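The primary structure of each chain is shown beneath.
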Amino acid sequence: MKKKSILISLLLLLAMLAGVVLWPAVPEYGDSYSEQQRKLWNERRALYPAAWNIMIGDVRPEYADAICTITPMRKEVLEHVLRRKREEDNALALQQEDLRDREKVPYPEMEVKLPDTESLRLDEISIRECLQRARGGDAEACMVMAWRMGGGGMVPELVWSWNRTRTIHYWLDKAESLGRPEAKFLKNCSSIYQKEIRKNLTRSMSGCSYTTPSGFDYTVLPGYGDFMECIRNGDASAYRMMRDIVFSASILPKERDILWNVLRERAKSGDLRAMEDLAAIAFEGGQIDEYSREIKREMKASLCSRIIKLLPGFARESVWHACVGMGVLDAEDTVAMRNFREAAEYARLGARRGSLACMSSWLGYGLNGLDYFSREDWEDVFRYSRLLVEHGYAPYICRLNVLICLDNYNGKILNYYYIDQKNWNERFARGQQLFQERVTGYDLSPLYVAKNAEDIEKQWDDAVAVYGADQVLSYLMMRTEEIRPELAGAYIEKVRQQADKGDPCAAFVQGYLLEQERLLHVDHGEAWRCYERALERVDPKDMTCVPNVANKRRSGNFLVMLPEAIRMAMLSLLLEHPEFPGRDLSRVPDLLHELEDFTKDDSSGSLCYLMGRVYEDGIGVPVDLSQALKYYERGKDDNSHCAERWEKLQASISAK
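Residues numbered from 1 in each chain as written. Predicted model: local features only at pLDDT ≥ 70, side-chain atom pairs only at ≥ 80, totals over all residues. Heavy atoms only, no water.

Here we come to the overall build of the protein chain. Scanning the protein chain from terminus to terminus reveals 32 helices and four strands. Residues classed as buried in the protein chain amount to 54% of the 656 residues present. At a minimum sequence separation of 6, the contacts of the protein chain that also span at least 24 residues come to 68%. Per element, the accessible surface of the protein chain, about 30200 Å² overall, is 53% carbon and sulfur. (Helix = DSSP H or I, 4+ residues; strand = E, 2+ residues; numbered from the N terminus. Buried < 20%, exposed > 50% of the residue type's maximum accessible area, 1.4 Å probe, protein only. Contact = heavy atoms within 4.5 Å. Areas by Shrake-Rupley, 256 points an atom, 1.4 Å probe, with all protein chains shown as cover.)

Here you go:
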């Protein structure tokens with residue numbers, strides 16, 4: 001009987017195993033259009049490890065340097081592999097396009113609603129609305145206005161101008177007076193940071209190079225204790241403002257870790273706002289670029305790396321890549337990578353609970369960390385995209401028209417899935433307009449087509465409060481042709497008022513306007529005095545970009561930094577107008593000396609032309625044709641007028 005029972009049991013076990021083996025396998029992908037697109041996307045994703053996508057977004061052969069550290073391959077081998085993978089990726093993309101063009105699935109009909117500002121954080125609402133609240137005494141709105149001017153909501157500025165510094169300090173002082181004591185620390189720390197960054201800043205006509213400041217003890221600054229109280233209370237906004245105001249994603253690492261741990265514990269307990277804040281500090285404010293640097297830094301600081309450094313130089317690279325290949329060195333083991341994946345997971349959890357902020361974060365950044373799209377992942381991409389539009393979530397809507405152009409998988413998926421690109425752009429042009437009106441909050445165009453002086457007065461003050469005087473002044477210079485001559489006096493008066501406060505950019509623009517014949521009675525003498533005042537006030541390291549007024553021939557560099565713009569405008573005025581009250585040729589040698597290094601830049605054509613003319617015509621210096629030739633030769637590849645003068649002067653000298 002016992003043997004019979006054992007035999008029956010064995011037969012049943014064999015039957016079960018046979019059933020498992022012979023049972024029809026459930027296909028991984030269905031036959032629908034959506035499933036076929038998902039299959040092709042997963043084949044494309046399988047070409048590149050997710051870590052590569054996290055570090056550089058769009059993986060290309062020319063980016064081999066950026067990911068070589070985390071692969072088992074030397075750079076030249078990796079470049080070859082990436083070229084082959086790129087070809088495979090392009091072939092799969094063509095299959096997706098063919099499939100899309102055959103199926104012709106249109107974008108779903110969606111009504112773009114007005115952004116629901118009540119559900120947004122203050123840093124996500126319209127600048128205009130935030131400004132109104134700040135003027136009304138809302139302390140947090142004052143903090144956000146400082147953050148916006150510091151680069152959090154507009155074009156960041158590494159070195160703050162006179163005007164930007166003054167505006168940021170104004171809002172931080174007001175926030176402190178309204179009960180936000182941590183604002184004092186933000187002001188003090190950012191002020192020191194600005195001084196430190198100027199010490200290691202090298203400027204050129206095409207940009208700058210700098211070393212991130214480190215080493216100063218910010219913990220002794222007034223207000224630090226209040227700032228830390230915010231951090232311990234899980235106030236992510238205080239940290240984000242500090243990070244973005246000082247233009248560095250790596251600032252205050254100890255404080256960031258404390259905040260991260262506080263938010264993590266809250267998120268674990270189901271706190272939806274903590275999930276949103278984790279995603280915000282993980283993915284916004286340049287943090288994505290920081291992951292690449294941090295992953296490499298951690299790997300190079302590891303014990304394995306320190307041992308490799310003890311080896312002979314010729315062996316280090318091969319041993320490093322061998323360790324990566326064996327998994328001894330792995331990007332996935334770094335704290336930075338774990339933080340990315342943790343934040344992405346909490347963004348996903350928050351999205352499933354209905355958080356629009358988390359949906360936007362997961363679509364914008366979390367998708368990069370997926371090696372494979374499950375059915376649920378795939379369906380969520382389309383569901384979240386639609387929900388964000390239908391609910392008028394402004395931070396997402398602002399990206400709709402540009403997603404397809406960016407290295408963003410949300411945009412790419414939509415582009416390869418739907419056929420009517422034209423209809424998509426038309427449909428969401430309204431979304432972009434709403435974002436411009438409600439989130440960016442101001443359109444500068446009406447300021448320069450105002451009907452009367454009263455309009456100018458009101459619109460000017462609002463525009464300066466929203467964008468800062470630097471942008472308004474620079475934009476005014478670019479739109480001068482649109483100004484009605486009878487209203488020119490009102491514009492010049494507003495510029496003069498700003499200049500009288502001590503703003504060097506305003507003094508420069510005032511001088512420029514006084515040179516414009518179509519606006520008012522030209523006063524070259526007063527224009528010269530304005531340029532002199534601007535030069536006396538401007539910070540030598542100022543990086544405010546303004547139109548190059550000396551480039552009247554529209555060849556070469558159109559925008560230059562303010563200190564150089566002022567000096568070039570002065571030389572141009574002396575060159576074009578041989579007589580005017582106050583004309584001071586004694587300044588020319590100093591102007592030439594200060595501009596000399598900038599002529600060595602590849603994009604310095606308009607400056608080289610100007611300096612060549614000064615030496616050729618003998619403006620404030622003796623005529624020196626060899627010097628003139630030198631500058632024309634330097635600038636001839638960037639400026640057609642330099643090339644012309646160089647050829648003519650060469651021919652003239654040869655004829656003699």
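Between helix H19 (residues 375–390) and helix H21 (residues 409–417), whose axes approach to 11 Å, the crossing angle comes to 95°. Taken together, H19 and H21 sit at an angle that is classed as roughly perpendicular. For the pair H19 and H21, contact is made by Trp378, Val381, Phe382 and Ser385 and by Asn410, Ile413, Leu414 and Tyr417, respectively. When grouped by side-chain class, the residues that make up the contact of H19 with H21 number six nonpolar, two polar and no charged. (Axes fitted to C-alpha atoms, helices over the stretch in contact; angles between N-to-C directions. Parallel < 35°, antiparallel > 145°, perpendicular 65-115°, else oblique. Nonpolar A, V, L, I, M, F, W, Y, C, P; charged D, E, K, R; others polar.)

A few words now on the nonpolar core. Within the largest apolar cluster, 196 residues are counted, with the highest numbers of intra-cluster contacts made by Trp52, Phe185 and Phe508. Broken down by element, this core gets its largest block of residues, ten residues, from helix H28 (residues 562–576). (Core = buried A, V, L, I, M, F, W, Y, C linked by side-chain atoms within 4.5 Å.)

Here the focus is a nonpolar patch on the surface. The grouping of Met478, Phe558 and Leu559 at the surface amounts to a nonpolar patch, some 250 Å² of accessible area in total. Residue position: Phe558 is located in the loop between strand E3 (545–547) and strand E4 (559–561). For Phe558, a relative accessible area of 35% corresponds to the partly exposed category. (Patch = residues over 30% accessible without salt bridge, like charges linked within 9 Å, V, L, I, M, F, W, Y side chains within 5 Å. Salt bridge = Lys/Arg side-chain N within 4 Å of Asp/Glu carboxyl O.)

Moving on, we come to a positive patch on the surface. A surface patch of like charges, here positive, comprises Lys300, Arg306, Lys309 and Arg316. Residue position: Arg316 is located in helix H16 (residues 313–326). (Lys, Arg positive; Asp, Glu negative; His and termini not counted. Charge placed at Lys NZ, Arg CZ, Asp CG, Glu CD.)

For the rest of this paragraph, the subject is the packing of aromatic side chains. Enumeration over the complete set of coordinates arrives at 23 aromatic pairs. Aromatic pair Phe373 and Trp378: ring centres 6.0 Å apart, planes at 55°, arrangement tilted. Its relative accessible area of 2% is what places Trp378 among the buried residues. Three or more aromatic residues joined by ring pairs form one cluster here, namely Tyr33, Tyr107, Phe373, Trp378, Phe382, Tyr417 and Tyr418. The lysine or arginine in question, Arg44, covers the ring of Trp41, its NZ or CZ lying 4.4 Å from the ring centre. The positively charged end of Lys636 is found above the aromatic ring belonging to Trp646, 4.9 Å away from the centroid. (Phe/Tyr/Trp six-rings, centres within 6.5 Å; stacked < 30°, edge-to-face > 60°. Lys NZ or Arg CZ within 6 Å of the ring centre and 35° of its normal.)

What follows is about helix H6 (residues 127–135). Within H6 the residues assigned to the buried category are Ile127, Glu129, Cys130, Leu131 and Ala134. Backbone geometry just downstream of H6 places Gly137 in the positive-phi region, at approximately 100°.

Turning our attention to helix H30 (residues 605–617). If you check H30, its first and last C-alpha atoms are 18 Å apart, about what 13 residues at 1.5 Å a residue would give, namely 18 Å. Most of H30 is tucked away, with twelve of its 13 residues classed as buried. Those residues of H30 lying buried are Gly605, Ser606, Leu607, Cys608, Tyr609, Leu610, Met611, Gly612, Arg613, Val614, Tyr615 and Glu616. The elements touched by buried residues of H30 are H28, helix H29 (588–595), helix H31 (625–635) and helix H32 (640–655). Looking one or two residues past H30, Gly618 carries a phi angle of roughly 70°, positive in sign. (Expected span 1.5 Å × (residues − 1).)

Along a regular strand, successive side chains alternate from one face of the sheet to the other. Every second residue of strand E1 (residues 201–204) is oriented toward a common face, the buried set being Leu201 and Arg203 and the non-buried set Thr202 and Ser204. In the sheet, E1 pairs with strand E2 (residues 207–210) via four bridges, with the strands oriented antiparallel. Opposite Ser204, over in E2, you have Gly207 as the bridge partner. (Pairing = 2+ DSSP bridges.)

Turning our attention to the pattern of salt bridges. Inspection of every chain in the model, using the stated rule, returns 39 salt bridges. With its nearest N and O atoms 3.8 Å apart, the salt bridge here joins Asp462 to Arg135. Of the two residues, Asp462 is situated in helix H23 (residues 453–467) and Arg135 in helix H6; the sequence distance between them amounts to 327 residues. Owing to a relative accessible area of 47%, Arg135 belongs among the partly exposed residues under this scheme. As a salt-bridge pair, Lys600 and Asp597 come within 3.6 Å of each other at their nearest N and O atoms. Its relative accessible area of 54% is what places Lys600 among the exposed residues.

Mapped onto the elements of the fold, Ser626 is located in helix H31. When its relative accessible area of 53% is taken as the criterion, Ser626 is described as exposed.

The N-to-C vectors of H23 and helix H24 (residues 469–478) enclose an angle of 120°; their axes lie 7 Å apart at closest approach. The orientation of H23 with respect to H24, classified from their angle, is oblique. For the pair formed by H23 and H24, the contact residues are Trp460, Ala463, Val464 and Tyr467 on the first element and Ala469, Gln471, Val472, Leu473 and Leu476 on the second. Residue composition of the contact of H23 with H24, grouped by class: eight nonpolar, one polar and no charged.

Looking at the secondary structure, you find Gly489 in helix H25 (residues 488–500). Taking the relative accessible area as the measure of exposure, Gly489 reaches 34% and is therefore partly exposed.

Position of Ser474 among the secondary structure elements: in helix H24. Sequence-distant contacts of Ser474, defined by excluding residues within four places in its chain, comprise Cys545, Val546 and Pro547.

For the rest of this paragraph, the subject is unusual backbone geometry. Here Lys104, not a glycine, exhibits a phi torsion of approximately 50°, which is positive. With respect to the element layout, Lys104 can be found in the loop between helix H5 (75–103) and H6.

When pLDDT is averaged along the protein chain, the result is 83; 84% of the residues meet or exceed 70. When mean pLDDT is taken per element in the protein chain, helix H27 (residues 524–537) scores highest with 95 and helix H22 (residues 421–440) scores lowest with 52. Between residues 402–406, whose pLDDT stays under 50, and residues either more than four places distant or in other chains, the model counts ten contacts. This model gives residues 438–442 a pLDDT under 50, and the stretch forms 29 contacts once residues within four places in sequence are excluded. (pLDDT = per-residue confidence, 0-100.)

Glancing now at the environment of Ile197. Mapped onto the elements, Ile197 comes out in helix H9 (residues 182–199). Through-space distance from the C-alpha of Ile197 to that of Leu158 is 8.4 Å; in sequence the pair is 39 residues apart. Ignoring any residue separated from it by four or fewer positions in sequence, one finds Ile197 in contact with Leu158, Val159, Tyr210, Thr211 and Pro213.

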